[in-house]
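Reading the structure
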Amino acid sequence: GIGPILARAWLGQQPDEMRRAIAPAYFLVSVFYLMLSWSPTILLASAAVIFFIAFQAARNFSTRFLERVGSRNEYREMLESALAHIDLSAGRDAVLADLDSVLTGNLGCQDITILIEDDRGVLRTAHATSGGHAILDRNDPVREQLERSDASIVMLSEAQADSSYAAIQEGLLGFFAGLKAEVLIIAREGRRIIGVFGLGQRKNGSEYTAYDYDTFKAMAGKLFVFAFYLKNVARESILYTVDRELALSDQVIRFALEHVAPVDSPHADAAWAMRSTRSLGGDFVDFV
């Protein structure tokens, strides 16, 4: 009849996994159509067997599907919880290592590359799992285009197909290749990009899904916190180093000049004073 024909047409449009799960039940229902001419006793017994087998197949499919959805929800919750528990007081290197561990562990990706803006406004690689490296200058066309857009997530497939990236496609694809990334998560301060997180291909070779995309959007705000921290902790570290070196230099100069042998001559009196120029240290010293 028309029923099996419509069922075959509908089944052919379904995903492979659903077809594999439903095909046995479809086969059994088709057999049921053939048994309509059998005796009522055989028909009822056969219908019960077919119903039981179809029920088991449907339950197995439902269980696998629900478990998958449950594991996805668990993965998102676990990822957000792990990010929230990274200790920022542990220092820059420890934070980068923890970020790498959390992202690769939960997302299953091979590479994590993190770019952070330096004091000159250049986005430089601060961490790379397997050697990915890239730099984006302040006036780079790729960066200018990304800053003009509102996108916080850019997929490699978008860079290849989206017409809005046509003008910078070659540079953008080169940027993806340099980072060994398939996904870019962009951290912004206003419109200014202060950090980029590049996620590489998954270890199992699977593609990132719509669920993953939603997860990236959900964690973009948390990654901004890390980008802001990594940018400013680097600045504080540099200032601390400079202050320490200046203090050491000043001590060395004072020690040297304050222990100069006095002039010992019956024909001359001598005195001197030393003032360090604005406490700069180094050789910038005035003598009176």
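The structure we're discussing is the one just above.
First things first, this report covers the structure right here in the doc. (Residues numbered from 1 in each chain as written. Predicted model: local features only at pLDDT ≥ 70, side-chain atom pairs only at ≥ 80, totals over all residues. Heavy atoms only, no water.)

So, on to the overall build of the protein. Assigned secondary structure in the protein consists of eight helices and eight strands. When each of the 288 residues of the protein is scored for burial, the buried share is 33%. Taking the intrachain contacts of the protein between residues at least 6 apart in sequence as the baseline, contacts between residues at least 24 apart amount to 54%. Counting every atom, the protein has about 17,500 Å² of accessible surface; 59% of that belongs to carbon and sulfur. (Helix = DSSP H or I, 4+ residues; strand = E, 2+ residues; numbered from the N terminus. Buried < 20%, exposed > 50% of the residue type's maximum accessible area, 1.4 Å probe, protein only. Contact = heavy atoms within 4.5 Å. Areas by Shrake-Rupley, 256 points an atom, 1.4 Å probe, with all protein chains shown as cover.)

This paragraph deals with the sheet that holds strand β3 (residues 135-136). Spatially, β3-β2-β1-β6-β5-β4 is the arrangement adopted by the six strands of the open sheet, whose pairing is antiparallel. The two strands at the open ends of the sheet, each matched to only one other strand, are β3 and β4 (153-155). Sheet contacts for helix α5 (residues 141-148): β1 (112-117), β2 (123-128), β3, β4, β5 (183-189) and β6 (192-199); angle to β6, the most-contacted strand, approximately 105°. (Pairing = 2+ DSSP bridges. Axes fitted to C-alpha atoms, helices over the stretch in contact; angles between N-to-C directions.)

Any two aromatic rings considered together are summarised by their centre-to-centre distance and by the angle between their planes. Inspection of the entire model under this criterion finds two aromatic pairs. Here Y208 and F216 contribute two aromatic rings whose centre-to-centre distance is 5.5 Å and whose plane-to-plane angle is 70°, an arrangement assigned as edge-to-face. For Y208, a relative accessible area of 11% puts it in the buried group. Under the relative-accessibility criterion, F216 is labelled buried at 0%. Consider the rings of F224 and F228, whose centres lie 6.0 Å apart with planes at 40°: the pair is tilted. Residue F224 and its partner F228 are both found in helix α8 (residues 210-257); the two are separated by four residues, about one turn of the helix. (Phe/Tyr/Trp six-rings, centres within 6.5 Å; stacked < 30°, edge-to-face > 60°.)

On to the side chain of T215, then. Residue placement: T215 occurs in helix α8. Exposure remark for T215: the relative accessible area of 1% places this residue in the buried category. Here T215 is in contact with Y75, R76 and L79, once residues within four sequence places are set aside.

This paragraph deals with the pattern of salt bridges. Tallied over the entire structure, the rule returns eight salt bridges. Between E117 and K231 there is a salt bridge whose closest N-O contact spans 2.8 Å. Residue E117 is located in strand β1, and its partner K231 is located in helix α8; the two are separated by 114 residues in the primary sequence. Its relative accessible area of 2% is what places E117 among the buried residues. The salt bridge partner of R191 is D150, with a shortest N-O separation of 3.1 Å. Placement of R191 in the loop between β5 and β6 and of D150 in the loop between α5 and β4 is noted, with a sequence separation of 41 residues between them. One salt-bridge network, in which partners are shared between bridges, spans E117, R138, R143, E147, R192 and K231. (Salt bridge = Lys/Arg side-chain N within 4 Å of Asp/Glu carboxyl O.)

With six of its six residues buried, β1 lies for the most part within the structure. Every second residue of β1 is oriented toward a common face, with I112, I114 and I116 on one face and T113, L115 and E117 on the other, all of them buried. As judged from the five bridges shared by β1 and β6, these two strands associate in the antiparallel manner. Counted as the bridge partner of L115 is V196 from β6.

That is the geometry; function is a separate question.
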